[in-house]
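# Residue-level structural notes
The primary structure of each chain is shown beneath.
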Amino acid sequence: GFIPYSEDDLGGLWSADLRGHLSTYGGFFSNVGLVRKQFIGGSLLGVGVYWDYDGDLNQYADTTIVDDSGSYVFAGGQAYQQVGVSGEWLTDWGNLRSNGYIPVGSTASIMGPFVGNSLLTQNGINAALGGADLEVGAYIPGLSDWAGMVSVGGYALGNSAYQVTNGSAVVPWFGGVYTRLDMTFLQNWDFSLQANNDSYFDWTGFARLTYRMGGSRRRNVPDQMEQPMMRNEHIVRAHQTPTVALNPVTLQPWNVIHVDNTAAAFGNGSAEAPLRTLAEGQAAATNPYDVVFVHAG
């Protein structure tokens, strides 16, 4: 629902932008926004601030790693929240739009490179990505009967609030580009086709057909005063499944016994509960290819 509710002394219209979603993965996510729009000459300027909740948890399955020290589960899904800021300038010839996304709270979880007595060749990663996008769109004269518009844009995404063991960002910042075709075939029916490309997700995109009870999105400038802003409704997620390293000779997982003289007493040699002395580590290494890993310090 896009709900206009008041006009200020400067002629700006304030509205609530409320969206709720249920995905095929059984997850709920929502967007709550406060939007102000105002005419400037024959154009329309809009700004909005949003709170996004994304509890769509079941897109990726949990991963369980089992070794002599126990069982360890890396959850496939996390619930995330973010603050969003949006701006748009709409004219009779085209549009200019930009959005910023700022995840807040706990925004990443990492497993690896050690878990239990196992060594990972690929860390487990779940992360909410912050960033921004910017696009410019122009109406196509040959598609004027359908209010056809082609938009091109770019985006930057990443998460540097968390680091992996080598000190690098959990998801280093990367950039991408996209293009989108928007059309209105019939009153209230909108169609969009978008393709994106970047170094992290490679090629992605969507085809979308939308019925809008309040009227089609892509109409003349005055009619867009009471229409929602265009932005990502999902919080962008990065996911990497943890993978256990195998000994190339035995084709079995490496068995790594951890030693740390600052650890608590009565450890079991796992990464989470190291042994305290080299003698204990040596005594625990009873099989060929066992590794005694001594922590720095």
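Residues numbered from 1 in each chain as written. Predicted model: local features only at pLDDT ≥ 70, side-chain atom pairs only at ≥ 80, totals over all residues. Heavy atoms only, no water.

### Observations regarding the sheet that holds strand 10 (residues 114-115)
A sheet is described by the order of its strands in space; here 3 strands give the open sequence 10-11-19, paired in antiparallel fashion. Strand pairing shows two members of the sheet lacking a second neighbour, strand 10 and strand 19 (243-244), which therefore form its edges. Sheet topology places strand 10 next to strand 11 (residues 118-122); 2 bridges connect them, and they run antiparallel. Looking across to strand 11, one finds that phenylalanine 114 is bridged to leucine 119. (Pairing = 2+ DSSP bridges. Helix = DSSP H or I, 4+ residues; strand = E, 2+ residues; numbered from the N terminus.)

### Here we look at the nonpolar core
Judged by nonpolar contacts, Ala108, Ile125, Ala127, Leu129, Tyr155, Leu157, Val170, Val171, Phe174, Tyr178, Val236 and Ala238 together constitute the single largest core of 12 residues. Broken down by secondary-structure element, the contributors of at least two residues to this core are strand 12 (124-128), strand 14 (149-163) and strand 15 (169-186). If one sorts the elements of this core by residue count, strand 15 sits on top with 4 residues. Once residues lying within four places of it in the same chain are set aside, the contact partners of alanine 108 are Tyr80, Asn126, Ala127, Asn159, Tyr162 and Val170. (Core = buried A, V, L, I, M, F, W, Y, C linked by side-chain atoms within 4.5 Å. Buried < 20%, exposed > 50% of the residue type's maximum accessible area, 1.4 Å probe, protein only. Contact = heavy atoms within 4.5 Å.)

### Quick look at the pairing of strand 7 (residues 80-90)
Residues Tyr80, Gln82, Gly84, Ser86, Glu88 and Leu90 of strand 7 are buried on one face, while the alternating residues Gln81, Val83, Val85, Gly87 and Trp89, pointing to the opposite face, are not. Alignment of strand 4 (residues 43-55) against strand 7, held across 11 bridges, turns out to be antiparallel. From the neighbouring strand, leucine 44 faces strand 7, where its bridge partner is leucine 90. Bridge analysis of strand 7 against strand 8 (residues 94-104) gives 10 bridges, and the strand direction is antiparallel.

### Looking at the sheet that holds strand 2 (residues 13-22)
With antiparallel pairing, the 11 strands of this open sheet are ordered in space as 1-2-3-4-7-8-13-14-15-16-17. Either end of the sheet is taken by a strand with one partner, and the two such strands are strand 1 (2-7) and strand 17 (202-211). Ignoring which end each strand starts from, the neighbouring axes of this sheet average 15° apart. (Axes fitted to C-alpha atoms, helices over the stretch in contact; angles between N-to-C directions.)

### Thoughts on the packing of aromatic side chains
The full count for this structure, using the stated rule, is 9 aromatic pairs. Aromatic pair phenylalanine 174 and phenylalanine 201: ring centres 6.0 Å apart, planes at 75°, arrangement edge-to-face. Taken together, the residues span a long stretch of sequence, with phenylalanine 174 in strand 15 and phenylalanine 201 in the loop between strand 16 (189-198) and strand 17 at a distance of 27 residues. Linked through ring pairs, Phe174, Tyr200 and Phe201 together constitute an aromatic cluster. The residue whose ring lies beneath arginine 231 is tyrosine 50, and the NZ or CZ to ring-centre distance is 4.0 Å. (Phe/Tyr/Trp six-rings, centres within 6.5 Å; stacked < 30°, edge-to-face > 60°. Lys NZ or Arg CZ within 6 Å of the ring centre and 35° of its normal.)

### Examining the environment of aspartate 198
On the secondary structure map, aspartate 198 appears in strand 16. Along the backbone, aspartate 198 and alanine 16 are 182 residues apart, and their C-alpha atoms lie at a distance of 33 Å. Residues in contact with aspartate 198, not counting those within four places in the same chain, are Tyr155, Phe174, Gly175 and Gly176. Among the polar contacts made by the side chain of aspartate 198, one reaches the main-chain amide nitrogen of tyrosine 200 at a distance of 2.8 Å. Of the polar contacts made by the side chain of aspartate 198, one reaches the backbone nitrogen of phenylalanine 201; its length is 2.6 Å. (Polar contact = N/O pair within 3.5 Å; in protein donor to acceptor, adjacent residues only side chain to side chain.)

### Side note on the pairing of strand 5 (residues 63-67)
Burial along strand 5 is one-sided: the residues Thr63, Ile65 and Asp67 are buried and none of Thr64 and Val66 is. In this structure, strand 5 lies alongside strand 6 (residues 70-74), joined through 5 bridges in antiparallel fashion. Of the residues in strand 6, the one forming a bridge with isoleucine 65 is tyrosine 72. Linking strand 5 to strand 6, which pair antiparallel, is a turn of 2 residues.

### Considerations on the confidence of the model for the chain
This prediction gives the chain a mean pLDDT of 93; 98% of its residues lie at or above 70. Within the chain, strand 20 (residues 256-259) carries the highest mean pLDDT (98), whereas strand 1 carries the lowest (92). (pLDDT = per-residue confidence, 0-100.)

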